[in-house]
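# Remarks on the overall topology
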Amino acid sequence: MNKTYLKLSLDLDFVLIAITASLKDYMLCHKVNTSLNFDFEKIEDHEVYFNVDENPLAFSKYYFFVEQGEIEYYIINNRNAEGFLIPEMNKVDFFMIIHQYIDKEDLNFILTGLNKLADIQVAAQIDPKKLKSRENLVM
């Protein structure tokens, strides 16, 4: 009997920024909105199943859409009461995910703006392909 294999590939075509900040998620979004002229709004939580027989873990998620260029921005909390979205990045508090093309100049503007905020310890771009738990970031 012939075997058929299903090969899945994750769509990791996005920019990922790790943010370390000792703020509540809504305060971070408020500060990002006011300093970078974004308009993040709370949307339905990002749910991740770590085990099939358990309930999913929910992580708060915020969304901002720019019509020009159709760029989608998300801010997702990396931690909740039960664990981490990306366990190997347990020092990171939030992730900003940017879908669609963004040029280096715009990315540097965002990174510089985030790092200028007093409550953010560090914001840095990371490669999602190097994360062990990268599938948890797929929207």
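Below, the structure is looked at part by part. Just so it is clear, the structure is predicted and the values come from calculations on it, not from any experiment.

## Quick look at the layout of surface pockets
Of the pockets and cavities examined, the largest pocket occupies roughly 160 Å³. Contributing to the lining of the largest pocket are Asp13, Phe14, Val15, Ile98, Gln100, Tyr101, Ile102, Lys104, Leu107 and Gln125. Where the lining of the largest pocket is concerned, the elements lending two or more residues are β1 (14-21) and α2 (104-116). When the residues that make up the lining of the largest pocket are grouped by side-chain class, the tally is six nonpolar, two polar and two charged.

## Some points on the packing of aromatic side chains
Using the criterion set out here, one finds six aromatic pairs in the structure. Aromatic pair phenylalanine 38 and phenylalanine 40: ring centres 5.8 Å apart, planes at 55°, arrangement tilted. The same class applies to phenylalanine 38 as to phenylalanine 40, namely buried. Each member of the aromatic cluster is reached from another via a ring pair, and the members are Phe38, Phe40, Phe64 and Tyr73.

## Digging into the nonpolar core
Within the largest apolar cluster, 27 residues are counted, with the highest numbers of intra-cluster contacts made by Ile17, Phe40, Tyr73, Met96 and Leu114. Sorting the residues of this core by element identifies β1, α1 (25-36), β3 (57-66), β4 (71-77), β7 (94-99), α2 and β8 (120-126) as the ones contributing at least two each. In this structure isoleucine 17 touches Phe94, Phe95, Met96, Ile98, Leu107, Ile110, Leu111, Leu114, Ala123, Ala124 and Gln125, once residues within four positions along its chain are discounted. Among the nonpolar cores identified, the runner-up in size contains 16 residues, and Tyr74, Ile76, Val92 and Ile97 belong to it.

## Concerning the side chain of histidine 99
Looking at where histidine 99 falls in the secondary structure, it is placed in strand β7. Excluding residues within four positions of it along the chain, histidine 99 makes contact with Asp13, Phe14, Glu70, Ile71, Glu72, Tyr74 and Met139.

## Re unusual backbone geometry
Notably, glutamate 70 is not glycine yet its phi reads approximately 50°, a positive angle. Positionally, glutamate 70 belongs in the loop between β3 and β4. In this model, glutamine 100 sits at a positive phi of 90°, which is unusual for a non-glycine residue.

## Notes on α1
The end-to-end C-alpha separation of α1 is 16 Å, in line with the 16 Å expected for twelve residues at 1.5 Å each. Those residues of α1 that sit buried are Asp25, Leu28, Cys29, Val32, Asn33 and Leu36. For α1, the arc enclosing every buried residue in end-on projection is 130°, short of the 170-degree limit, so these residues lie on one face. The inward-facing, buried residues of α1 abut β3, β4, β7, α2 and β8. Asparagine 37, located one to two residues past α1, shows a positive phi value of around 60°.

## Looking at the sheet that holds β1
With respect to topology, six strands assemble into an open sheet ordered β2-β3-β4-β7-β1-β8, the strand pairing being antiparallel. Every other strand in the sheet has two partners, leaving β2 (41-48) and β8 as the edge strands with one partner each. Along the sheet, successive strands turn relative to each other by an average axial angle of 25°, direction set aside. Bridge count between β1 and β8: six bridges; the pairing is antiparallel. Directly across from leucine 16, in β8, lies its bridge partner isoleucine 126. Contacting β3, β4, β7 and β8, α1 crosses the sheet at an angle of about 15° to β3. Across the sheet, α2 lies against β1, β4, β7 and β8, angled at about 160° from β8, the strand it touches most.

What counts, and where the lines are drawn
- Residues numbered from 1 in each chain as written.
- Predicted model: local features only at pLDDT ≥ 70, side-chain atom pairs only at ≥ 80, totals over all residues.
- Heavy atoms only, no water.
- 1 Å grid on protein atoms, 1.4 Å probe; cavity = no way out; pocket = protein on both sides within 12 Å on 5 of 7 lines; lining within 4 Å.
- Points joined across faces, edges and corners; volume = space filled by probe spheres on them.
- Helix = DSSP H or I, 4+ residues; strand = E, 2+ residues; numbered from the N terminus.
- Nonpolar A, V, L, I, M, F, W, Y, C, P; charged D, E, K, R; others polar.
- Phe/Tyr/Trp six-rings, centres within 6.5 Å; stacked < 30°, edge-to-face > 60°.
- Buried < 20%, exposed > 50% of the residue type's maximum accessible area, 1.4 Å probe, protein only.
- Core = buried A, V, L, I, M, F, W, Y, C linked by side-chain atoms within 4.5 Å.
- Contact = heavy atoms within 4.5 Å.
- Expected span 1.5 Å × (residues − 1).
- Arc of directions from axis to C-beta.
- Pairing = 2+ DSSP bridges.
- Axes fitted to C-alpha atoms, helices over the stretch in contact; angles between N-to-C directions.

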